[in-house]
Each structure stands twice: as C-alpha cells, then as structure tokens.
Amino acid sequence: LKYKSPPGIEYRPLFKPIEIKKHSMERPWTVAYWVSNPASRQNWDPPVVLPIKAEDWMWFRGDRVEILTGQDKGKQGYINMIVQERNWVTVEGLNCEYETFGKSGDFPGMMMKVEKPLLVYKDIKLVDPTDEKGTEVEWRFTEAGERTRISVRTGTSIPIPMKAQETIDYKQKASYVMNKDKDTKPSVVEEVTYEPKLATFEMDVMDEMGIKE
Amino acid sequence: MAQLLSSIVSTAANHVSSCTRLPVIMGRSLATSTVRPGLEEFFEKEDNLGKTRIRVGRSWRLEELRLKSNTDLHKLWYVLLKERNMLLTMEHAYKEAYVAMPNDERIDKVAESMENLEEVVKERNRAYYQLECGVTGERDRFMRRDALGRFVFYKPVEHSMPSQMNTGYRKTLRFRYGCSMNEPVKDFLGKFSENINFKQHYKELLQMREAARVVRRFPEVDMDALVQKYPLVNPERLMRWKKIRGQNTTVHDA
C-alpha cells in the first residue's frame, strides 16, 4: 500500500499500490518481498534488465543447465528458482556463497550456503539431452505443429520438465486428487448442455421451471 | 485452533437454536434439541475445520461456462453463492480467532467464477435484445459535455413522467449537461487538456527514459521485446532520441 484515501464522502476514493520495481530473490508471498520495495524508494531508478519476450522465455524449473561463469564454471545442475523480472535463475547447489544471518552483539549469527542468481542469457546454457553438453536453444515448431525448444547444434527437442508444472496444490497435473465436495470432474465441465434458444436467460429459466408471469 | 473454531461454530449454532424457541405450552415444556435448519451450510464442514490447507480446483472460465445451459448456470450461481457466503463467514471467524485462514484465494476463485458467469448471461441477453430490438437492453451511457465542457458519461434514468412534462428535471439537466462554450469555458478547456496531455506525456517520458537506459546498456536489444515491456514507447522516436543517438547509428539506422 502506497497511498489510500481516507474514509469519508468528501474524499475521492483512491488506492495506489506499491509497485515492485527492483525484484529481489524474495518470493511474492513473503513479507520481505514488500519490505524490499518501500514507499520511500518508489522514485528510485529500477535496475536495467534486458527485455525478453514472455513467449520466448525458455528456462523452467527442473531444466538441466550448464554454468558458464564463476567458480562453478563447466558444472551442470538443475534450475531451482526463477526470477523472470530480472532474467535470473538459481541452480541447485551451484554458484553458492556463504552468508551469515542474524548477527547481533556476541552472537556470531547463522551461516548458510545460499545460491546466487545467474543471468539467463549470459551465465547459463541449456544442456542437450543427447550429448550432455551446453547448446544454443531456439523456439521452433515440430512437424506436428508443436512449439518446443530445439537445440541449434543437434536439432533435438528439449521438452519442458515435469517439475515446471508444480504448484502449491499439486506436483503434476495428472496426480491431482480432486476435492469430492468442491471440485467438478473434467468430463462434466466439458459437457455441452447449451441449446441456443431465442429467449433471454430469464425467459429460458422461467420456461424450464414452469413459472408464468 | 480446531477447538476454538469448532467452539465458534457450535456457539453460533446454539444461538440460532435458542432464537428459534418454540412457544411454551401451559403445563408442558418442549425440549429443543440442537436444531440447525440448514445454517450449518454457512460454516466449513466438520472434517475441514482443523486443516491448514484445503485443496480446491481453479475457477470456472468463460469458455467452460458458455457450454452450459441456462438452467445449469442458474443452479451453478447458487452453488457459488453459498460457497462464497461460507468462505466469508469463515474468514470472519478466523479473524476473530486471530488465526490465518487456510487457502483464502478460494474467495477470489469463487468471485472470479461468479463474474464470468454473469458475463456469459449478459452476453446471451445482449444477443437476444440486439436481434429482436436492436439495442443491448443494458443501461446505455452517452457522452455529453458538462457545464465546464468536459466529456462525461450520461446515464439515462427512469422517470414516472414523460420528459415533455418533466420541466423541473429538464431545467436541472440544462445546468448539468449544457455547455455554453463561452470565453471562460474555452480557456478552461484549453488548460484542462494541457493538464491531461502533460500527464500522459510524463507517463510516456518515464517509459522512454527506462527504454533509453536499456538500449544504451544493450544496443542490440529486440525492439518487439522492448515495446512489450514499455508499451507507451515509440521505437522510431526512441532511436532518434538525443539520449541514445550516439551508440546506435550503425545498428538501427536503416
């Protein structure tokens, strides 16, 4: 919340939310996400980020990648976390640094090994599944008409990993267990029951229920 | 937490049963058991009360609702309404207990489903009215100039008297929607449009400055991606801009 008009009929109702201009490694459902972008810093210049089209984004959770820069150059790992607004990607267990949290007075603090982000267009290369080496990848269409990532060197398609489907509710769409009371079956949802009729919604319902005006 | 919530539920139910007290007949007293005439539907099911997460599917989409008959939509509306009432009741109960509500996005999902349902019903009604009457049947909005000359949406109102007889109302309309276009009004309109244009130009400038920073840092940036991120930016004007002209004469001058 950046500004909210006070309650009262004399005020024009106005609500200005805080815009997150500088995305950090914090996740949107945490408090730290909002604390990192306070109202007092809303006029600061946002960081310069190379714009990549939303449909051309080709890095997903669970993708096997090779790191090209830094201490872990040449090593391969799986993508853990993505911050698309900054073109960042975190690889599991690689490109880490040791950070201390909670140092105060005599207490030295807790030291944790934290993964540092990698830039998607510079520090990362998707791994070709056939020869297990990093390649340049493009979005292309297969003969069937499906849009997939295809490695430029060999021409093999790199499918989107199953881990990318994961949400808070399910790990894979197929393994989702329906809530018996609240959810509707897919077959019921897709069933067509509508027959076009020259009547308004109210007229049609009245006919069906036998209500006469 | 479960005990607290169940106590809230049971006290509410007992309150209800005590309200619906049957009349005491002379010499006899009728024992009222915990009669809950359907009001338990305002609260979450007993087995869901203690949980920290209640898994529920996504909202209904417009494409899915368009397949359904009007009777189905009519029934679905009430199912969604009851669910919405239950969720709002539980939201209040959790607030009273200072406990976080599990999966409060359920309220948003239900609200979205209901909005989509209303939209589908409106579409069908609009189609019928346009076919039979030539108008949408919804409340029209007409652009009219107010006394200061600004364009305002006029919403027609139903009256008991025809407009030819309703001189009092027409007199108020003359002040509300009549523009004289004299000198002060024209001056005001000029300055007002200056203000609007300045605000729009400022919004564009902010985006142009950010886009210029991007082009200076990444000279070979994809223009489509840049315009997707900064929609108010004019790419040709950006490339001619003094802030970035020096770096891009070879790449973008074509």
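Only a predicted model underlies this, so the values are computations on that prediction, with no experimental measurement involved. (Residues numbered from 1 in each chain as written. Chains lettered and ligands numbered in written order. Predicted model: local features only at pLDDT ≥ 70, side-chain atom pairs only at ≥ 80, totals over all residues. Heavy atoms only, no water.)

**Points about the overall build of chain B**
- Across its full length, chain B holds 9 helices and 2 strands.
- Scanning chain B from its N terminus toward the C terminus, one meets helices and strands in the order α-α-α-α-β-β-α-α-α-α-α.
- Counting only residues that meet the buried cut, chain B has 29% of its 254 residues in that class.
- Long-range pairs, those at least 24 residues apart, make up 60% of the contacts in chain B between residues at least 6 apart in sequence. (Helix = DSSP H or I, 4+ residues; strand = E, 2+ residues; numbered from the N terminus. Buried < 20%, exposed > 50% of the residue type's maximum accessible area, 1.4 Å probe, protein only. Contact = heavy atoms within 4.5 Å.)

**Some words on a nonpolar patch on the surface**
All names here are of chain A.
- Taken together, Phe101, Phe107, Met110 and Met112 make up a surface patch of nonpolar side chains, about 410 Å² in accessible area.
- Note on placement: methionine 110 falls in strand E7 (residues 110–115).
- Its relative accessible area of 54% is what places methionine 110 among the exposed residues. (Patch = residues over 30% accessible without salt bridge, like charges linked within 9 Å, V, L, I, M, F, W, Y side chains within 5 Å. Areas by Shrake-Rupley, 256 points an atom, 1.4 Å probe, with all protein chains shown as cover. Salt bridge = Lys/Arg side-chain N within 4 Å of Asp/Glu carboxyl O.)

**Regarding the pattern of salt bridges**
- Per the stated rule, a full pass over the model turns up 23 salt bridges over all chains.
- Residues B:Lys82 and B:Glu41 are paired through a salt bridge, measuring 2.7 Å at the closest nitrogen-oxygen approach. A residue pair is termed long-range when its members are at least 10 positions apart, and B:Lys82 in helix H3 (residues 70–96) and B:Glu41 in the loop between helix H1 (2–19) and helix H2 (62–65) qualify at 41 residues.
- A residue is classified by how much of its surface remains accessible, and B:Glu41, at 44% relative accessible area, is partly exposed.
- Of the charged contacts, one joins B:Glu44 and B:Arg106 as a salt bridge, the two residues approaching to 3.4 Å between their closest N and O atoms. Here B:Glu44 is found in the loop between H1 and H2, whereas its partner B:Arg106 is found in helix H4 (residues 105–132), with 62 residues between them in sequence.
- The exposure class assigned to B:Glu44 is buried, which follows from its relative accessible area of 4%.
- With relative accessibility at 3%, the residue B:Arg106 sits in the buried group.
- When salt bridges with common partners are traced through the structure, they connect A:Arg61, A:Glu166 and A:Lys171 into a single cluster.

**Let's talk about the interface of chain A and chain B**
- Every contact between the two is made by 36 residues of chain A and, on the other side, 40 residues of chain B.
- Summing both sides of the interface, chain A and chain B together bury roughly 3300 Å²; the carbon and sulfur share of this comes to 57%.
- Sorting the residues of chain A by area buried against chain B places A:Val48, A:Pro51 and A:Phe201 first, and these three jointly supply 20% of that buried surface.
- For the interface between chain A and chain B, the tally reads 4 salt bridges.
- Between B:Arg213 and A:Asp45 there is a salt bridge, and its shortest N-O distance comes to 3.3 Å.
- Run the count over chain A and chain B and you get 19 residue pairs in polar contact (both at pLDDT 80 or more).
- Looking at the side of chain A that touches chain B, the elements with two or more residues in it are helix H2 (186–190) and helix H3 (201–209) of chain A.
- In terms of residues, the side of chain A that touches chain B owes the most to one element, H3(A), which gives 7 residues.
- Tallied by class, residues from the side of chain A that touches chain B come to 20 nonpolar, 4 polar and 12 charged. (Buried area = accessible area lost by both parts, 1.4 Å probe. Polar contact = N/O pair within 3.5 Å; in protein donor to acceptor, adjacent residues only side chain to side chain. Nonpolar A, V, L, I, M, F, W, Y, C, P; charged D, E, K, R; others polar.)

**Here's the deal with helix H6 (residues 183–217) of chain B**
All names here are of chain B.
- For H6, built from 35 residues, the straight-helix expectation of 51 Å at 1.5 Å per residue is met to within 8% by its first-to-last C-alpha distance of 51 Å.
- Where H6 is concerned, the buried positions are Val185, Leu189, Leu205, Gln207, Met208, Ala211, Ala212, Val214 and Val215.
- Buried residues in H6 make contact with strand E1 (142–145), helix H7 (223–229) and helix H8 (235–240). (Expected span 1.5 Å × (residues − 1).)

**Thoughts on H3(A)**
Residue and element names in this part refer to chain A.
- Listed in full, the buried residues belonging to H3 are Phe201, Asp204 and Val205. On an axial view of H3, the arc spanned by its buried residues comes to 95°, and they lie on one face.
- Backbone geometry just downstream of H3 places glycine 210 in the positive-phi region, at approximately 75°. (Arc of directions from axis to C-beta.)

**Details of the nonpolar core**
- B:Leu65, B:Leu73, B:Met90 and B:Leu117 are the most contacted members of the largest nonpolar core, which has 21 residues in total.
- Elements with a contribution of two residues or more to this core: H3 of chain A together with H3 and H4 of chain B.
- Element by element, the count of residues in this core is highest for H3(B), at 7 residues.
- Residues contacting B:Leu65, with those up to four places away along its chain left out, are B:Trp60, B:Leu73, B:Leu76, B:Ser113, B:Asn116, B:Leu117, B:Val120 and B:Arg124. (Core = buried A, V, L, I, M, F, W, Y, C linked by side-chain atoms within 4.5 Å.)

**Brief notes about a negative patch on the surface**
All names here are of chain B.
- Together, Asp104, Asp108, Glu112, Glu115 and Glu118 make up a negatively charged patch on the protein surface.
- For glutamate 118, the position within the fold is in helix H4.
- For glutamate 118, a relative accessible area of 40% corresponds to the partly exposed category. (Lys, Arg positive; Asp, Glu negative; His and termini not counted. Charge placed at Lys NZ, Arg CZ, Asp CG, Glu CD.)

**Section: the packing of H3(A) against H3(B)**
- Where H3(A) contacts H3(B), the two axes come as close as 9 Å, and the packing angle between them is 95°. Judged on the interaxial angle alone, H3(B) and H3(A) are roughly perpendicular. Listed contacts from H3(B) to A:Phe201, A:Asp204, A:Val205, A:Glu208 and A:Met209 of H3(A) are B:Asn70, B:Thr71, B:Leu73 and B:His74.
- Residue classes in the contact of H3(A) with H3(B) are distributed as 4 nonpolar, 3 polar and 2 charged. (Axes fitted to C-alpha atoms, helices over the stretch in contact; angles between N-to-C directions. Parallel < 35°, antiparallel > 145°, perpendicular 65-115°, else oblique.)

Limitation: the analysis is restricted to geometry and does not speak to function.
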